[in-house]
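Structural description and commentary
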Amino acid sequence: MKLPARKREYDEDDVRIRPGRSSRPRTRTRPKHDDAVDALVITVDRGRYGCVREEAPPDSPVITAMRARELGRKSVVVGDRVALVGDVSGAPGALARIVRIGERTSVLRRTADDDDTTPEGRLERVVVANADQLVIVSALYDPPPRTGFIDRCLVAAYDADIEPLLCLTKADLAGPEEILGYYAELDLPYVTVRPDSDLTELRKRLAGNISVMVGHSGVGKSTLVNRLVPDALRAVGAVSAIGKGRHTSTSAVALRLPPIGKSRKDPGWIIDTPGIRSFGLAHVSAESLLHGFPDLVEGTLEDQPNCGHTANDVGCRLDAWVAEGKADPRRLESYRRLLASRAGDTDPRETERAGDTDPRETERAADTDPRETKRHDNTGPRETERAADTGQRETERPDNTGQRETEGAADTPPHETSEAADAAGRETAGDTEPA
Ligand SMILES: Nc1nc2c(ncn2[C@@H]2O[C@H](COP(=O)(O)OP(=O)(O)OP(=O)(O)O)[C@@H](O)[C@H]2O)c(=O)[nH]1
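Description of the structure in this document. Computed from a predicted model, the values in this text were never measured in an experiment. One numbering rule holds for all chains: residues counted from 1, following each sequence as written. Under the rules for a predicted model, residues below a pLDDT of 70 receive no local features and side-chain atom pairs below 80 are neither given nor counted, while totals for whole chains, interfaces and linings still include all residues. Heavy atoms throughout the structure, all of them, feed into the side-chain values; hydrogens and water do not.

Once that is clear, we can look at unusual backbone geometry. Leaving glycine out, the prevailing phi sign among residues is negative, and the prevailing peptide bond configuration is trans. Between Asp142 and the following residue, Pro143, the backbone shows a cis peptide bond with an omega angle of 0 degrees. Its identity as a non-glycine residue notwithstanding, Asp142 has a phi of 50 degrees, on the positive side. Note on conventions: DSSP H or I runs of at least 4 residues are helices, E runs of at least 2 residues are strands, and numbering of each starts at the N terminus. With respect to the secondary-structure elements, Asp142 resides in the loop between β8 (133-139) and α2 (147-160). The backbone phi angle of Asp161 is positive, close to 65 degrees, even though this residue is not glycine. Within the fold, Asp161 resides in the loop between α2 and β9 (163-169). Under the relative-accessibility criterion, Asp161 is labelled exposed at 67%. Partly exposed describes any residue whose relative accessible area lies between the buried limit of under 20% and the exposed limit of over 50%, with all areas from a 1.4 Å probe on protein chains only and scaled to the type maximum.

So, in structure tokens, the structure goes:
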């Protein structure tokens, strides 16, 4: 490397706050952790990760773990398959360390807003990793089905390459004909549920999969989760309050489904998402939005190049497609509403009226707390503390400039790390334990 010809004047801008790179763990010097055991992350709670070994008996205790420093910036979310070292006994007070995160087969994301030009729109969260199926729970009556919300979930599912399953509850109060008619072109798999129905069909569809459940408030999601996993509370211990309302600090909890009769087939896992009632789609490109509307895709094939398919695109082929009866006009309307929302062109009340969002969702602090957005612009200790708290933040998008959020204490200067560790229950102290 060539040295500069003249020595530079230094000022306070040159002061390094971060430690030199040499003090960071380097790949080649990392321990191999050959003795690590594989586990699935089932809860995330203030820097602590509840993990279970998938092959262990269902009543095995949950192993509490923290992230090892060597994980760097990588986030750990519910559904992640991780490697653990340390005390993996699951005994009270025992603490293991997550030293590796397995490659994810899918990543379900959402944003707090649809418009990626707003801070909320750029606040991207990974909901869960490795899900195979998105179970969209919708009541047939009280509250009525909200196709705007279902369409949104379909976009999120197709974008994440996760199979959707429509779960229609309260079938004792209304029939599914109308809603199924709306999705007639889609060949969407569905099940109906009533209080007295046996859940065999649903259980069969869940078997062998990791399924994420989403739904508006009041659709009967908790009731369903409790029926599917009667000992849900015990399964995750005191970590979170399953079944009612929102978990105190986690946004998702994975529950092992009980075996189906005498079958030895893996009954699968369901991930309940009590805090999640809407899917902001700012992370989905305008082109990818169309993936949630396979019934419209063919209609766009003969369209003029660069047609944005919005209501303002004169001559958009989709209008003719719908006029010819090849798709339901309400589907085009829904698609265009999402496009407009993504472009920041809609009145949020309009979106709410269309049922895209749960009115109660907008009141929930986690998504709309202005402090959350404000803190995004700084990377000070408080930010780090919040990141350590949730473990749900994601920084993988390179275009998120100004939005980078530190995902854990590992990537922060020492003074921040210690504060974060205080918040996360002495995470750093554990980080430095010998392997
Ligand atoms: N008639 C009927 N009522 C149901 C059914 N499933 C749930 N309910 C009722 O619907 C109401 C809402 O059910 P919950 O399970 O609390 O709904 P939720 O989706 O978890 O709602 P939040 O707790 O707000 O997230 C309760 O009064 C349930 O008893 C059903 O299949 N039929």
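Each aromatic ring pair is characterised by the separation of its centres together with the angle its planes make. Classification of ring pairs rests on two measures: the distance between centres of Phe, Tyr or Trp rings, Trp counted by its six-membered ring, which must be within 6.5 Å, and the angle between planes, read as stacked under 30 degrees, edge-to-face over 60 and tilted in between. Under the defined criterion, the tally for this structure stands at 2 aromatic pairs. Relative to Tyr183, the ring of Tyr182 lies with its centre 4.6 Å away and its plane at 85 degrees, an arrangement referred to as edge-to-face. Each of the two residues, Tyr182 as well as Tyr183, counts as buried. Considering the side-chain rings of Phe293 and Tyr335, the 5.2 Å spacing of their centres and the 50 degrees angle between planes classify their relative orientation as tilted. Here Tyr335 lies in helix α10 (residues 329-342) and Phe293 lies in the loop between α7 (286-289) and α8 (294-301), a separation of 42 residues in the sequence.

Attention now goes to the nonpolar core. What we call a nonpolar core is a set of buried Ala, Val, Leu, Ile, Met, Phe, Trp, Tyr and Cys residues that are connected through their side-chain atoms within 4.5 Å. Counting 68 residues, the largest nonpolar core has Leu84 and Leu108 as the members making the most contacts within it. Filtering out sequence-adjacent residues up to four positions away, Leu108 remains in contact with Arg125, Val126, Val127, Val128, Leu134, Ala156, Ala160, Ile162, Val212 and Phe279. Whether two residues touch is decided by their heavy atoms; if any such pair falls within 4.5 Å, the residues are in contact.

It is worth spelling out empty space enclosed by the protein at this point. For each structure, a 1 Å grid was placed over the protein atoms alone; sets of points admitting a 1.4 Å probe that cannot get out are labelled cavities, open sets with protein on both sides within 12 Å along at least five of seven lines are labelled pockets, and lining residues have an atom within 4 Å of a point. Grid points are joined across faces, edges and corners, and a volume is the space filled by probe spheres set on the points. Scanning the entire structure with this criterion turns up 2 cavities of 30 Å³ or more. When its volume is computed, the largest cavity comes out at roughly 60 Å³. The wall of the largest cavity is formed by Val137, Ser138, Ala139, Pro143, Pro144, Pro145, Arg146, Phe149, Ile150, His216 and Val219. Those elements that place two or more of their residues in the lining of the largest cavity are β8 and α2.

Okay, the side chain of Ser334 next. The topology assignment puts Ser334 in helix α10. According to the relative accessible area criterion, Ser334 is buried, its value standing at 3%. Sequence-distant contacts of Ser334, defined by excluding residues within four places in its chain, comprise Asp151, Tyr182 and Phe293.

Moving on, we come to the sheet that holds strand β12 (residues 253-256). Two strands form a pair only when DSSP identifies at least two bridges running between them. With mixed pairing, the 6 strands of this open sheet are ordered in space as β10-β9-β8-β11-β13-β12. Edge strands, defined here as strands with exactly one partner in the open sheet, are β10 (190-192) and β12. On average, each strand axis in the sheet is inclined to that of its neighbour by 25 degrees, with strand direction left out of account. In this structure, β8 lies alongside strand β11 (residues 210-215), joined through 5 bridges in parallel fashion. Opposite Gln133, over in β11, you have Ser211 as the bridge partner. To obtain each axis, a line is fitted to C-alpha atoms, and for helices this fit is confined to the stretch in contact; angles are then taken between N-to-C directions over 0 to 180 degrees. Seen against the sheet, α2 touches β8, β9 and β11 and runs at an angle of roughly 175 degrees to β8.

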